[in-house]
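Residue-level structure breakdown
Here is how the chains run, residue by residue.
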Amino acid sequence: MMQFTDALVNSYEKYAHERASHSPDEFKVRERSEFLKFLNAEERETLLEIGCGPGQDAQFFQSQGFQVLAVDNTPAMVKLTAKKGVSAQVWDCYDLDQIGKHFDAVYTMNCLLHIPKQDIDHILHLISRRLNDSGLMYLGLWGDEDFEGILEQDRYEPKRFFSFWKAEALLEVLQRFFRLEYYRRLEPHEGRIFNSFILRKCGSSQ
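To start, this report covers the structure provided alongside it. (Residues numbered from 1 in each chain as written. Predicted model: local features only at pLDDT ≥ 70, side-chain atom pairs only at ≥ 80, totals over all residues. Heavy atoms only, no water.)

1. Some remarks on helix H5 (residues 120-130)
Filter applied, for reference: To sort residues, take the accessible area from a 1.4 Å probe on protein chains only and compare it with the maximum for the residue type: under 20% means buried, over 50% means exposed, and anything in between is partly exposed. Put simply, DSSP H or I for four residues or longer makes a helix, DSSP E for two residues or longer makes a strand, and each gets a number counted from the N terminus. Throughout, a residue-residue contact means that at least one pair of heavy atoms, one from each residue, lies within 4.5 Å.
Three or more residues of H5 are buried, namely Ile120, Ile123, Leu124, Leu126, Ile127, Ser128 and Arg130. Against strand E1 (46-50), strand E4 (103-109), strand E5 (131-142), helix H6 (167-174), strand E8 (178-189) and strand E9 (192-201) lie the buried residues of H5.

Listed below in structure tokens is the structure:
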């Protein structure tokens, strides 16, 4: 299990500064703003970003007045995020239980693409445990295909492990832990589907 994580971290360490130099895609900026509307309508205050990358989204939410904790399993990404003045820590998805806090909201953009399908229930359970009751999660993920493994056409080295879902199958899994508040299927680039979910924690799983 740790082999796929180690290769992933090595890959993102190598490309951290390149990723930091890119402006976020316009559609991602719009999705972020959509989630912000939900958070503001409910007067949410605290947010955990899982897989923060170089910290652009975490910085945005902090600028909107949220208390943000940004986590990523890649130390270079965490350093770049911390340089933006955001509280950032090195944590892997599998270690979320070790964060001794609860949050009004979770934001995670494409991070769960790297979680093996056999582990997705476990990770979603860990995420739900970090949320306050009725907490909200934004989840954005590429893909509408059933695929799991190393992506041979990946330009990153080492090549990354990906887990792509058919949207219906993913929705079924998500609804074991969350109630769907919002779903949008986008095609930001021709032939590339992006799934946007806003989900609410069901019941109490502290």
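2. Quick word on the environment of Gly191
Positionally, Gly191 belongs in the loop between E8 and E9. The exposure class of Gly191 is exposed, given its relative accessible area of 61%. Between the C-alpha atom of Gly191 and that of Arg32, which follows or precedes it by 159 residues, the distance is 22 Å.

3. A closer look at the nonpolar core
Rule in force here: As used here, the term nonpolar core means buried Ala, Val, Leu, Ile, Met, Phe, Trp, Tyr and Cys residues forming a set that is joined through side-chain atoms within 4.5 Å.
In this structure, Phe35, Ile50, Phe61, Leu112, Leu124, Ile127 and Met137 are the most contacted members of the largest nonpolar core, which totals 59 residues. At 7 residues, the largest contribution of residues to this core is made by E5. Look past the residues within four positions of Leu112 in its chain and what remains in contact with it is Cys93, Ile120, Ile123, Leu124, Ile127, Leu139 and Leu141. Membership of the second largest hydrophobic core comes to 8 residues, among which are Ala16, Ala76, Met77 and Tyr156.

4. Considerations on the environment of Leu112
Looking at the element boundaries, Leu112 is found in the loop between E4 and H5. For the pair formed by Leu112 and Gly51, sequence separation is 61 residues and the distance between their alpha carbons is 8.3 Å.

5. Re the packing of helix H2 (residues 26-41) against helix H3 (residues 56-63)
For clarity, the cut-off: With axes taken as lines fitted to C-alpha atoms, and helix axes fitted only over the stretch in contact, angles between N-to-C directions fall between 0 and 180 degrees. Note on convention: the crossing is left-handed when the near helix lies turned anticlockwise from the far helix by less than a right angle, right-handed when the turn is clockwise. Note on residue classes: Ala, Val, Leu, Ile, Met, Phe, Trp, Tyr, Cys and Pro are nonpolar, Asp, Glu, Lys and Arg are charged, and everything else, Gly too, is polar.
For the pair H2 and H3, interaxial distance at closest approach is 12 Å and the crossing angle is 35°. Here H2 and H3 pass one another in a crossing that is right-handed. Where H2 abuts H3, its residues Arg32, Phe35, Leu36 and Leu39 lie against Gln56, Asp57, Phe60 and Phe61. Within the contact of H2 with H3, the residues separate by chemical class into 5 nonpolar, 1 polar and 2 charged.

6. Side note on the pattern of salt bridges
This is how it is decided: We define a salt bridge as a contact between a side-chain nitrogen of Lys or Arg and a carboxyl oxygen of Asp or Glu at a distance within 4 Å.
Applying the stated rule across the entire model yields 16 salt bridges. Salt-bridge contacts for Arg44 lead to Glu42; the nearest nitrogen and oxygen are separated by 2.7 Å. We classify Glu42 as partly exposed; its relative accessible area is 30%.

7. Things to note about the sheet that holds E4
Definition in use: Any two strands with at least two DSSP bridges between them are considered paired.
The strand order E3-E2-E1-E4-E5-E9-E8 describes an open sheet built from 7 strands, whose pairing is mixed. Since the sheet does not close on itself, it has two edges, and those belong to strand E3 (87-90) and E8, each with one partner. Strand-to-strand twist across the sheet, computed as the mean angle between neighbouring axes with direction ignored, equals 15°. Of the pairings in the sheet, the one linking E4 to E5 comprises 6 bridges and is parallel in character. The partner of Phe103 across the bridge, within E5, is Leu131. Relative to the sheet, H3 contacts E1, strand E2 (67-72), E3 and E4, its axis offset from that of E2 by approximately 170°.

8. With respect to the side chain of Arg44
The condition that has to hold: Each polar contact in these results corresponds to two N or O atoms within 3.5 Å; when the atoms are within protein, one needs to be able to donate a hydrogen and the other to accept it, and residues that are neighboring in sequence are counted only if both atoms are side-chain atoms.
Among the secondary structure elements, Arg44 is positioned in the loop between H2 and E1. Using a relative accessible area of 15% as the deciding quantity, one classes Arg44 as buried. A distance of 2.8 Å separates a polar atom in the side chain of Arg44 from the backbone oxygen of Ser134. Excluding residues that lie within four positions of it along the chain, Arg44 makes contacts with Leu39, Phe66, Asp104, Asp133, Ser134, Gly135, Leu136 and Arg200.

9. Some points on unusual backbone geometry
Pro158 follows Glu157 through a cis peptide bond whose omega is -5°. Tracing the backbone through its elements, the reader meets Pro158 in the loop between strand E6 (147-150) and strand E7 (161-164). In this model, Asn110 sits at a positive phi of 70°, which is unusual for a non-glycine residue. Topologically, Asn110 is positioned in the loop between E4 and H5.

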